[in-house]
Amino acid sequence: MDLIDIQKDLKKILSAKRYRHSAGVADSARALADKYGANAEKAYIAGWVHDCAKELSLSEMHDIVNEHSLRLDKYVLSSKALLHGPVGSILCETKYGIDDKDIKSAIFYHTTGRTNMTLLEKIIFLADYIEPSRDFPGVDTIRKLAEKDLNQAVLSAYNSTIKHLIDQDAYIYDLTFLGRNDMVLLID
Ligand code: DGI
Ligand code: FE
Ligand code: FE
Ligand code: FE
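Position numbers for residues count from 1 along each chain, tracking the sequence in the order it is written. Just so you know, chain letters begin at A and ligand numbers begin at 1, following the order they were written in. Residue-level local features of this predicted model are given only where pLDDT is at least 70; pairs of side-chain atoms are given and counted only at 80 or more, and the full residue set underlies all totals for whole chains, interfaces and linings. Excluding hydrogens and water, the side-chain figures rest on all heavy atoms present in the structure.

Student: Help me get a handle on the overall build of the chain, residues and values and all.
Tutor: In this description a helix means any DSSP run of H or I spanning at least four residues, a strand means any run of E spanning at least two, and both kinds are numbered starting from the N terminus. Counting secondary structure elements, the chain contains 11 helices and zero strands. Reading the secondary structure of the chain in the N-to-C direction produces α-α-α-α-α-α-α-α-α-α-α. Only the C-alpha atoms count toward the radius of gyration. The rule for a globule is 2.2 Å times the residue count to the power 0.38. For a compact globule of 188 residues, the expected C-alpha radius of gyration is about 16 Å, and the chain comes in at 16 Å, within 12% of that figure. Based on the C-alpha atoms only, the size of the chain along its principal axes is roughly 40 × 35 × 30 Å. Partly exposed describes any residue whose relative accessible area lies between the buried limit of under 20% and the exposed limit of over 50%, with all areas from a 1.4 Å probe on protein chains only and scaled to the type maximum. Taken over 188 residues, the chain has a buried fraction of 47%. Restricting to contacts in the chain with at least 6 residues of sequence separation, those with at least 24 account for 61%. Using a 1.4 Å probe, accessible areas were evaluated by the Shrake-Rupley method; residue-level cover was limited to the displayed protein chains. Here the chain displays about 9,600 Å² of accessible surface, and carbon together with sulfur accounts for 51% of that area. One finds the centroid of the 24 positive side-chain charges in the chain at a distance of 3 Å from the centroid of its 28 negative side-chain charges. The contact criterion used is simple: two residues touch if any of their non-hydrogen atoms lie within 4.5 Å. Positive: Lys, Arg. Negative: Asp, Glu. His and the chain ends are not part of the count. Where a charge sits is defined by one atom per residue type, namely NZ (Lys), CZ (Arg), CG (Asp) or CD (Glu).

Student: Explain unusual backbone geometry to me, and be specific about the residues and the numbers.
Tutor: As a rule of thumb, non-glycine residues mostly have phi less than zero, and peptide bonds are mostly trans rather than cis. Residue serine 69 is not a glycine yet carries a positive backbone phi of 50°. Within the secondary structure layout, serine 69 lies in the loop between helix 4 (58-67) and helix 5 (74-78). Here aspartate 169, not a glycine, exhibits a phi torsion of approximately 55°, which is positive. Relative to the helices and strands, aspartate 169 is located in the loop between helix 10 (150-167) and helix 11 (174-187).

Student: Please give an account of the coordination of the iron ion (ligand 4) that cites residues and values.
Tutor: Note on metal geometry: ideal angles are 109.5 degrees for four donors arranged tetrahedrally and 90 or 180 degrees for six donors arranged octahedrally. Note on the iron ion (ligand 4): its protein donors are His21 (NE2), His50 (NE2), Asp51 (OD) and Asp128 (OD). The metal-donor distances range over 2.2 Å. Read N to C, the donor residues that coordinate the iron ion (ligand 4) are spaced as H-x28-H-D-x76-D. Here a donor is any nitrogen, oxygen or sulfur atom (N, O, S) within 2.8 Å of the metal, with 3.2 Å used for Na, K and Ca; water is not among the atoms considered, so some sites may look incomplete. Here the iron ion (ligand 2) and the iron ion (ligand 4) are spaced 3.4 Å from one another, each receiving a donor from aspartate 51. Of the two residues, histidine 50 is situated in the loop between helix 3 (40-49) and helix 4 and aspartate 128 in helix 8 (residues 119-130); the sequence distance between them amounts to 78 residues. Residue histidine 50 shares its accessibility class with aspartate 128, and that shared class is buried.

In structure tokens, the structure reads:
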């Protein structure tokens, strides 16, 4: 599918707010790719597609996971917030016909991150956090950091997500804190 048709489909399946967010992530990801030497076209496409599974129900997500024999751990399978990345990466290939491993992994890991993140994974993870329609506390500081130092900005985004999860007594998935610690080691 070409990007125009993908955008048309996203417009149908996502809320207006989520569609705007996806457009913002695409623009921010392209700008970050230009700045940090990643493939800007892949970044732009991944930005558009990254939340394509976000508004499915948990049981629709499970059907897609089962159909494609994706093996995921119990906690991820229980959480729409964590499952929409892996399911989105399947739909990226099967529904939109984009079989690019860089784009698929950037979508797969966009919520949790992981250790040894690729450049494109970092860019989508960060663009998701800083795109123009986001307004959580501290986002401006991370936007400024993103202009200077990609790894520092990714670490800050992890820190802020993890602090927020801790304040809510939420479960922190292993890839989230392993990914965060990995950025600490990369920085010093
Ligand atoms: O899909 P978006 O809203 O654009 O953003 P996202 O894919 O980064 O999802 C964010 C949600 O995922 C947010 O509510 C925090 C949650 N999240 C991220 N890491 C973890 C997590 N939730 C839990 N319980 N554990 C995690 O490790
Ligand atoms: Fe998401
Ligand atoms: Fe995110
Ligand atoms: Fe998002």
